[in-house]
Amino acid sequence: MSEDANIIEKPSRDDIVSLVKAEFGGKVEFIESTKKNIKAINEGRRLFMKADREVLHDLAKYLHDKLNFEQASSVAGVDWVDHMQVVYHLTNYCTSMVVEITVDIPNDDLHIASVSDIWEGANWHERETYELFGIVFDGHPKLERLLTPKSYEFFPFRKSYKLRGQE
Amino acid sequence: MDMSLYPHAVAMSADEFMSWSSAMINEMLSAGTKRTVDKLTGPVWAWAMRNSMHPLHFGLACCAIEMAAASDTRYDAERVGMIYRSSPRQTDILLINGWISKKLRPDIRRLYEQIPAPKWVVAMGECAISGGPWYDSYNIVQGLDQIVPVDVYIPGCPIKPDAMIDGFMLLQKKIDAYFRRGVFMTD
Amino acid sequence: MAEEKMNSDKMWVTMGPQHPFSHGLWTLRVEVDGEIITDAEPEVGYLHRGWEKECENRTYNKIIPMADRLCYSASMTWSHLFCKVAEEALDIEVPERAQYLRVVADEICRIQSHLMWLAAVGTDVGNLTIFLWALREREFMLDLNVRLCGQRLTTNYPRIGGVRNDMPYYFERDCMRAIERFEKSLWDIIRLTDDSSIFVGRMKGIGYITRKDVANYGITGPAMRGCGVDYDIRRDDPYDAYGEMEFEVPVLKEGDAYSRYMVRIEEMFQSCEIIRQAMKKLESIPKNAPYRLKVPKCIPEGTHMARIEDPRGEGLMYLVSDGTESPYRLKVRSPVFVNVSASKHMVQGVRIADIPAIMAMIDMCLGETDR
C-alpha cells in the first residue's frame, strides 16, 4: 500500500502539525476548535487549517504523499460577498483523521490550482464548484457544467443571485 | 380474413389501399353501420382498455420508490392491470413521479409525444402537481401541467401506495368513459 | 485522420435518462466497439434542484424534512446527519435515550435501503423473484418505521437536540419479532441468489477496481469495503451510541461486483445485531429519561462539519452559520456523487449487458447526487 519509503501511515495529530509547520512555515495556520462536547474533536480526529492560495497544491501533495491522506472527501465553495473561499476535507483511513483546509480567493482573480491530479475523487467536486460559484480550477481536465443544463450562464450559488422569496 | 375475395387489396400500393379503404368506410358510414358497431363494441373496448393500463417504466425520485412498493406483494398493482413497459412506444400512460428539472423538460415532452394515442398522463406526488417543497428553486418546473396535459393528480409526499392504486382506479373510470362512447373507425 | 475516425467501428450509445434499469435518472454514454465498451461518460443533473441554496431560505427546523428528500431511499441517515451538524454548531450532546433511538432508526433505515437495493439488483440482472421477496421483507421494516416515526419512507424523525418522540407502546416486541423473522427470510433470499449460477455468473469477475484506485477515486461505503479497504465510520469515527455497539464490519478483498454484493448482504445481518444490542440497552435506561433537548432558534457563528455512514458510503455536511435562523452555506457531500464519477473506470472492457450489474453494485440514488 505504501510505495514511498518515508510515507507515514498513521500520523498522529501532533506529527501532522509539526511536519506541516516545518515544511510550509507561516503560509499554513492551524485553528484550534473551541467546542467542548463534540466526541470527534475531543478524541483528536479533526484538524482545521487555513492555507494560502499559492501553497495549496504543494500542501495537498505533501499530505497525500507523505502523510497518507488517501481520500479527498469534499471540495466546497463559500461566497463571502467580499471574497470567495474554497474548503477542502481530506481523510486518512488508518487514523480516521479529517483535515479541513480553508483557502481564501479574492473576487477579482477567481483562480486556484486543481487537486484532481492528486485525487481523482475531487474531479467532479471541482466541476460542481465551478458551475455553481464561478471559481476556475487551473489544470482541471474538463471544467464544464455538470449539474445544471449547459445553456445556463449564471452562477446560481453566489449571493448576488436571489431565489424567489429572498430579497 | 379471406383475402381471396379482394385480390386487388393484396397487390395495392399504400396510396391505393388508403383510397380504397376510405371509400369502403364512407359506404359503411352512410349506411349507419358505425352506430351499430359502436354500440356493440364500445363496452368491450372500454373493459379491455381500462383493465390493461400499461405505464411507462420511468422512476424519478421519492415517489418512484413508492411506485415500486405499489407493485410488491402487499399492494399489488398488477391486479388492476398495470404492467410497466420499458419502451414508450408500447405504453398508454406517462407516469411522472418526482420533481421535474429544466434539464429533463425536453425529454418528458419527447416521451409524451412518443407514446401513441390514446394516452393519459398521471402526476404523482406534490412535486409533479405543483413543484412541491421546491417552490423557490431556479431549476424546477412548477408542476407537470406546464409541459403536458395531465389527467389524474395523486397528492402526497411521498404518496402512499394505496393512494396510487386509488388514483389508477380513478383513471380507469376516465378511460372507461372515453372508450364507452365507441371509437370504432376513429383515427 | 478524419477518415480514420469516420471509418472506425466504434460508436457512442446513449443509455438515456429513461432506461429499463431501475437505478435513478441519469445518462451513461458509452463508446462501444461491437459489444465491448471502450469509453464512458456519465451525465447527471436531471434532478438538480439547488438544495443547498434553498436551505439558505429556510429555518433550521424546516431543513430536516428537506434533508430526508436528499436520498429518499435512506432518508433517516440524512436528516440525522443534518441534526448532527446543527448539534455540533450548538456544541451540545444529545441525551442517551435519544442516541440509542437514533441508532435503532438508522439501522432500520439501513436494512430497508439494502432491501430496496436488492430488489433493484434482481430486476437488473433478470431475477424478478427477488424483487417481490425483498420488497415483502421491506414492508415489515417500513411497518416498524410507521410505528416509530409515523411515515413509511421520508421519516422526519430526528430533531436538533434529540428525536421527535419516544418509542410507542410494545415497540420492543414488534421490533424483536420483525428482526427475528427477517433474519430467517434473509437466508431464503440468499439461497435464491447464491445457488443460482446465472446470478453469480453475471456478477463475478466484472467491475474490478484496485485498492489503490478505490481510495483515489474517493469511493466509500460497501463499494469500498468490497475492494479491501477496512474502514467504517460507525466503528472508526463513532458518533451517537455506536461506540458502545459491538459489530463486525464485513470486508472482502476481491474487488469485483460480486464481493460488493456480499458485503451488503452481510451488513444486513450486522444491522440486526446492532438493533438487538440497542434495544437491550434501551431497556436499562429509565423510561422517563429525556429524549429531546430544547435548543435555541439561532445557531451561533462559525463553521462546522459532521460525517455519517450512509448505506451508500460516507456522507458529510459542512455548515457555515452566521447567528441567524437560517444557515449561510450548507454543503452536502454525497457518496453516490463520487461513486458515479468513478463509473467511467469501472465499465471499461465489459459488455453492454454487464452495465446494469456493475451500476447496481454502486446502489445509485440520484437525489443525493444531483441535490
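We now turn to the structure provided with this report. (Residues numbered from 1 in each chain as written. Chains lettered and ligands numbered in written order. Predicted model: local features only at pLDDT ≥ 70, side-chain atom pairs only at ≥ 80, totals over all residues. Heavy atoms only, no water.)

Let us look at the interface of chain A and chain B. Across the contact, twelve residues belong to chain A and eight residues belong to chain B. Where chain A abuts chain B, roughly 780 Å² becomes buried across the two surfaces, and 53% of that area is made up of carbon and sulfur atoms. It is Y152, L163 and R164 of chain A in chain A that bury the most area against chain B; as a group they hold 53% of the surface buried on that side. In this assembly, chain A and chain B are joined by zero salt bridges. Inspection of the region where chain A meets chain B yields three residue pairs in polar contact (both at pLDDT 80 or more). The residue makeup of the side of chain A that touches chain B, split by class, is ten nonpolar, one polar and one charged. (Contact = heavy atoms within 4.5 Å. Buried area = accessible area lost by both parts, 1.4 Å probe. Salt bridge = Lys/Arg side-chain N within 4 Å of Asp/Glu carboxyl O. Polar contact = N/O pair within 3.5 Å; in protein donor to acceptor, adjacent residues only side chain to side chain. Nonpolar A, V, L, I, M, F, W, Y, C, P; charged D, E, K, R; others polar.)

Okay, the packing of aromatic side chains next. Scanning the entire structure with this criterion turns up 22 aromatic pairs over all chains. Consider the rings of Y169 of chain C and Y170 of chain C, whose centres lie 5.8 Å apart with planes at 75°: the pair is edge-to-face. Note on accessibility: Y169 of chain C and Y170 of chain C belong to one class, exposed. These aromatic residues form a ring-pair network of at least three members: Y152, F154 and Y161 of chain A together with Y138 of chain B. (Phe/Tyr/Trp six-rings, centres within 6.5 Å; stacked < 30°, edge-to-face > 60°. Buried < 20%, exposed > 50% of the residue type's maximum accessible area, 1.4 Å probe, protein only.)

Attention shifts here to the interface of chain A and chain C. Chain A puts 53 residues into the contact, and the matching count from chain C is 52 residues. For chain A, the biggest contributors to the area lost against chain C are Y93, W124 and L147 of chain A; these three give 17% of the whole. A salt bridge links K331 of chain C to E128 of chain A, with the nearest nitrogen and oxygen atoms 3.8 Å apart. In this assembly, chain A and chain C are joined by 19 residue pairs in polar contact (both at pLDDT 80 or more). Sorting the residues of the side of chain A that touches chain C by element identifies α2 (39-42), β3 (71-80), β4 (83-92), β5 (97-106) and α4 (122-133) of chain A as the ones contributing at least two each. For the side of chain A that touches chain C, the per-class residue count stands at 24 nonpolar, 14 polar and 15 charged. (Helix = DSSP H or I, 4+ residues; strand = E, 2+ residues; numbered from the N terminus.)

Below, the discussion takes up empty space enclosed by the protein. One pass over the full model with this rule turns up four cavities of 30 Å³ or more. Taken as a whole, the largest cavity encloses approximately 300 Å³ of empty space. Lining the largest cavity are 22 residues; nearest its centre among them are I38 and K39 of chain A together with K84, Y239 and D240 of chain C. Elements supplying a minimum of two residues to the lining of the largest cavity: α2 of chain A together with α4 (75-90), α5 (96-125) and β6 (302-310) of chain C. (1 Å grid on protein atoms, 1.4 Å probe; cavity = no way out; pocket = protein on both sides within 12 Å on 5 of 7 lines; lining within 4 Å. Points joined across faces, edges and corners; volume = space filled by probe spheres on them.)

All names here are of chain C. Between helix α7 (residues 171-194) and helix α12 (residues 257-284), the shortest axis-to-axis distance is 10 Å and the interhelical angle comes to 160°. Taken together, the axis directions place α7 and α12 in an arrangement best described as roughly antiparallel. For the pair α7 and α12, the crossing hand works out as left-handed. Here the contact of α7 with α12 is built from residues that sort into 17 nonpolar, one polar and five charged. (Axes fitted to C-alpha atoms, helices over the stretch in contact; angles between N-to-C directions. Parallel < 35°, antiparallel > 145°, perpendicular 65-115°, else oblique. Left-handed = near helix turned anticlockwise from the far one by under 90°.)

Attention now moves to the pattern of salt bridges. Taken as a whole, this structure holds 46 salt bridges over all chains when the rule is applied. Between R180 of chain B and D176 of chain B there is a salt bridge, and its shortest N-O distance comes to 3.2 Å. Of this pair, R180 of chain B and D176 of chain B both sit in helix α7 (residues 161-180), four residues apart, which is roughly one turn of that helix. When its relative accessible area of 16% is taken as the criterion, D176 of chain B is described as buried. In this structure, E139 of chain C engages R152 of chain C in a salt bridge whose closest nitrogen and oxygen atoms are separated by 3.2 Å. On the criterion of sequence distance, the pair formed by E139 of chain C in helix α6 (residues 128-149) and R152 of chain C in the loop between α6 and β4 (158-159) is long-range, its members being 13 residues apart. Judged by relative accessible area, E139 of chain C falls into the buried class, the value being 1%. What emerges from the salt-bridge pattern is a single network uniting E43, R45 and R46 of chain A together with D237, R307 and E314 of chain C.

Backbone hydrogen bonds hold the strands of a sheet together, and the pairing may be parallel or antiparallel. Residue and element names in this part refer to chain C. With antiparallel pairing, three strands are arranged side by side in an open sheet as β6-β7-β8. Of all the strands in the sheet, the pair left with one neighbour each is β6 and β8 (329-333). Neighbour to neighbour, the strand axes of the sheet diverge by 10° on average, direction disregarded. Sheet topology places β6 next to strand β7 (residues 313-321); nine bridges connect them, and they run antiparallel. By the bridge assignment for β7, G302 is matched with S321. (Pairing = 2+ DSSP bridges.)

Attention shifts here to unusual backbone geometry. The omega torsion of the bond from A117 of chain B to P118 of chain B falls at -5°, within 30 degrees of zero and hence cis. In this structure, P118 of chain B sits in the loop between α5 (105-114) and β2 (120-124). At the junction of C157 of chain B and P158 of chain B, the peptide bond is cis and its omega measures out at -10° in the coordinates. Phi angles above zero are rare outside glycine, and N68 of chain A is one such case at about 65°. Relative to the elements of secondary structure, N68 of chain A occurs in the loop between α3 (56-65) and β3. At D91 of chain C, a position not held by glycine, the phi torsion is positive, near 60°. Inspection of the secondary structure assignment puts D91 of chain C in the loop between α4 and α5.

Below, the discussion takes up α3 of chain A. Residues and elements named next belong to chain A. Taken as a whole, α3 has its buried residues at L56, L59, A60, Y62 and L63. All buried residues of α3 project into a common sector of 160° when viewed along the axis, lining one side. On its buried side, α3 packs onto α1 (13-24), β1 (28-31), β2 (46-51), β4, β5 and β6 (111-113). (Arc of directions from axis to C-beta.)

Our next topic: the side chain of H125 of chain A. Structurally, H125 of chain A can be placed in helix α4. Within the structure, H125 of chain A has its side chain in polar contact with the backbone oxygen of G121 of chain A (distance 3.4 Å).

Turning our attention to the sheet that holds β1 of chain A. Residues and elements named next belong to chain A. Judged by pairing direction, the sheet is mixed, and its five strands sit side by side in the order β1-β2-β5-β4-β3 without closing on themselves. Both outer strands of the open sheet, β1 and β3, are each paired with one neighbouring strand and no more. Ignoring which end each strand starts from, the neighbouring axes of this sheet average 25° apart. Across ten bridges, β4 lies against β5 in antiparallel orientation. Each residue of the ladder has a partner; that of T91, found in β5, is V98. Contacting β1, β2, β4 and β5, α3 runs over the sheet at an angle of about 170° to β5. Sheet strands in contact with α4 are β3 and β4, and its direction is about 10° off that of β3.

Without other data, these values stay purely geometric and don't point to any function.
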